[in-house]
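# Fold and geometry: a report
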Amino acid sequence: MPRHDTTDDRVMLKNPNTGRDDLRILTAVYEPTRSAILGAIGEVDELPNSELRAVVERRTDPALWADNSVGWYTTSVKLDLEARGLIAKEGSPQRLSLTSAGRAALAGIGEASIEGVR
């Protein structure tokens, strides 16, 4: 699970392309975006990457995106979930699916916060 910085309520993201922890985003944006991605993929087994932004927008509070870019945050959180081994991508066009770790994390959504599922 992402490192959670309680001093300013941000989460450190991983990037599967660089292998680094180099981006921090607000927990208030990360948590619902993460839940929306895992929940949506879990419902359909496989989700086209091209539909991900719309799915996240539909499954989250519109107020969340008043000052934030839904596309940018969706991509950043998707990359983090890939780097943590919770989702996998394959094919062209790209399709996303849950890994066994992703299914376990999905089972914990609603029961635990970021700290509770580390």
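See the structure above.
The present account deals with the structure reproduced in this document. (Residues numbered from 1 in each chain as written. Predicted model: local features only at pLDDT ≥ 70, side-chain atom pairs only at ≥ 80, totals over all residues. Heavy atoms only, no water.)

Tyr30, Ile37, Leu38, Ile41, Val56, Trp65 and Leu81 are the most contacted members of the largest nonpolar core, which has 25 residues in total. Elements with a minimum of two residues in this core: strand S2 (10-14), helix H1 (27-44), helix H2 (52-59), helix H3 (70-83) and strand S6 (95-98). At seven residues, the largest contribution of residues to this core is made by H1. Discounting residues that sit within four places of it in the chain, leucine 38 has contacts with Leu81, Leu86, Ile87, Leu98, Ala105, Leu106 and Ile109. (Core = buried A, V, L, I, M, F, W, Y, C linked by side-chain atoms within 4.5 Å. Buried < 20%, exposed > 50% of the residue type's maximum accessible area, 1.4 Å probe, protein only. Helix = DSSP H or I, 4+ residues; strand = E, 2+ residues; numbered from the N terminus. Contact = heavy atoms within 4.5 Å.)

Bringing the pairing of strand S3 (residues 21-26) into the picture now. Every other side chain in a regular strand lies on the same face of the sheet, so the side chains alternate between the two faces. Sheet topology places S2 next to S3; five bridges connect them, and they run antiparallel. Residue pairing across strands places lysine 14 opposite aspartate 21, the latter belonging to S3. (Pairing = 2+ DSSP bridges.)

Assignment of secondary structure puts alanine 88 in strand S5 (residues 87-90). Looking at alanine 88, the relative accessible area reads 28%, which means it is partly exposed. In this structure, the C-alpha to C-alpha distance between alanine 88 and lysine 78, residues 10 residues apart in sequence, is 9.7 Å. Filtering out sequence-adjacent residues up to four positions away, alanine 88 remains in contact with Arg95, Leu96, Ser97 and Thr99.

To continue, consider the packing of H1 against H2. Between H1 and H2, the shortest axis-to-axis distance is 9 Å and the interhelical angle comes to 115°. Judged by the angle between their axes, H1 and H2 are roughly perpendicular. Where H1 crosses over H2, the two elements pack in a sense that is right-handed. In contact with Thr33, Ala36, Ile37, Gly39, Ala40 and Glu43 of H1, H2 contributes Leu52, Val55, Val56 and Arg59. Split into classes, the residues belonging to the contact of H1 with H2 amount to six nonpolar, two polar and two charged. (Axes fitted to C-alpha atoms, helices over the stretch in contact; angles between N-to-C directions. Parallel < 35°, antiparallel > 145°, perpendicular 65-115°, else oblique. Left-handed = near helix turned anticlockwise from the far one by under 90°. Nonpolar A, V, L, I, M, F, W, Y, C, P; charged D, E, K, R; others polar.)

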